[in-house]
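Now for the letters of each chain:
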Amino acid sequence: MKIRHVKDGVFTAVDNENVEITTTAPEEGFYWIDADSEDLALLQPLFSLHDLAVEDCLTEEEQRPKIETYDNHYFIVVNSIRFDDEEIFLRSLNIFLGRHYIITVTKQKINELRAVKPILWEQEVSEPDRFLYLLIDLVVDNYFTVSDRIEVKIEKLEEDILMHTKRSHLIEIIGLRSEILWLKKMLGPQKEVINILNKKDLRLIDDQLQKYFSDIYENAVKISENFETFRELMGNLREAYQSSIANRANEIMRVFTAITTIFIPLTLITGIYGMNFDNMPELHWKYSYYVVIGIMVVLGAGMYYLFRKRDWI
């Protein structure tokens, strides 16, 4: 657990042993407590955190984004996103917002918590509600970064399918499509949380600041629309894969058909001279074998040239 007193964007560390002083509002600024789930046993009685909110932080199940208002604090859950080119991860960021403090509780490292520090200093932040705004803004902006990377991955996958289709492409399509559908499902509740922060009368958030959440909400809507577009693109990719496989099969069948067609007249010639009739004068000619072989070679080469000229093989 890390405790910081934040005033004008400047951090002053507070010793964990003095955590009790954070229950009293400082003369200026606010307290930011960056904790993990184990620290809640100490923090809950100090800040009268609601049992249900603490239970949500401790549960191993995946939490949906939500906002719950209690007498002296708000409990907000948003999902941070991460994409490592193989799999998309959502990590819950649990936030307790009070009048003079903000508590962030995470089970894994959240990049946005590190990225928000220089922004607090640059904007000389001294209020916990503004800290909340900047943090959620970073979380939503990161979705755009992941969205761009997913778009690049889809374009590359489409190019690979058109150039050289592999069976592994179908596995990639199915995996990426399922993750996109899962993300789109999770984006709905997160969008509603931001909309509540924008519209609902919340006494712990300044009225002037609350209006800024509308920009974050618009970004959340754009992200949701992007993932809806990705879902449709994945459907198109699957159709392109199936079409490419069908075309590849047709190409193979066309080659086999052309080869079979070339060998039909050759088989006819060998069939004729494979008959055991006595009255076949050319069989006794000295050069008949070479003539027949020559005719077969010329006939096969001629048909191959004709098929190539017409782009049949």
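Everything in this summary refers to the structure shown in the same document. Position numbers for residues start from 1 in each chain and track the written sequence from start to end. Totals for whole chains, interfaces and linings use every residue, but because this is a predicted model, local features are given only for residues with pLDDT of at least 70 and side-chain atom pairs only at 80 or more, for both listing and counting. Note: side-chain values were computed over all heavy atoms of the structure, leaving out hydrogens and water.

Looking at the sheet that holds strand β2 (residues 10-14)
What counts, and what does not: Any two strands with at least two DSSP-identified bridges between them are counted as paired. Runs of E in the DSSP output that reach at least two residues are strands. Runs of H or I that reach at least four are helices, and both are numbered from the N terminus. Helix axes are fitted to C-alpha atoms over the stretch in contact, other axes to C-alpha atoms as well, and angles between N-to-C directions run from 0 to 180 degrees. The contact criterion used throughout is that any non-hydrogen atoms of two residues lie within 4.5 Å.
The strand order across the open sheet built from seven strands is β2-β1-β3-β7-β6-β5-β4, with neighbouring strands paired in mixed fashion. Of all the strands in the sheet, just β2 and β4 (66-69) have a single pairing partner and so form its edges. Strand-to-strand twist in this sheet, taken as the mean axis angle between neighbours without regard to direction, amounts to 25°. In this sheet, strand β7 (residues 101-105) lies alongside strand β3 (residues 30-35) in parallel orientation, the contact comprising five bridges. Opposite A35, over in β7, you have V105 as the bridge partner. Docked against the sheet, helix α4 (residues 128-163) engages β3, β5 (74-83), β6 (88-97) and β7, running at close to 25° with respect to β5.

A look at the packing of aromatic side chains
Our working definition: Pairing of aromatic side chains requires ring centres within 6.5 Å, counting the rings of Phe and Tyr and the six-membered ring of Trp. Pairs whose planes differ by under 30 degrees are stacked, by over 60 edge-to-face, and all others tilted. Whether a residue is buried, partly exposed or exposed follows from its accessible area with a 1.4 Å probe, protein chains only, as a fraction of its type maximum: under 20%, in between, or over 50%, in that order. Over a ring means this: the NZ of a Lys or the CZ of an Arg is within 6 Å of the ring centre and within 35 degrees of the ring normal.
Scanning all chains against the criterion turns up nine aromatic pairs. Seen from their ring centres, W32 and F131 are 4.9 Å apart, and the 50° between their planes marks the pair as tilted. Here W32, found in strand β3, pairs with F131, found in helix α4; they are 99 residues apart in sequence, far enough to count as distant. Given the relative accessible area of 0%, W32 is considered buried. Look at F131 and you get buried, because its relative accessible area is 0%. Between the aromatic rings of Y133 and F213, the centroid separation amounts to 5.5 Å while the plane-to-plane angle is 85°, which identifies the pairing as edge-to-face. Taken together, the residues span a long stretch of sequence, with Y133 in helix α4 and F213 in helix α7 (residues 213-272) at a distance of 80 residues. A cation over an aromatic ring shows up here: R4 above the ring of W32, its NZ or CZ 4.5 Å from the ring centre.

Examining the nonpolar core
Heads up, the condition is: We define a nonpolar core as any set of buried Ala, Val, Leu, Ile, Met, Phe, Trp, Tyr and Cys residues linked to one another through side-chain atoms lying within 4.5 Å.
In this structure, L132, I150, L197 and I205 are the most contacted members of the largest nonpolar core, which totals 57 residues. Mapped onto this core, the elements with two or more residues apiece are β3, β5, β6, α3 (111-122), α4, α5 (167-199) and α7. Here the element with the most residues in this core is α4; it accounts for 15 residues. Not counting chain neighbours up to four residues away, the residues in contact with L197 comprise I67, I76, I136, L202, I205, Q210 and F213.

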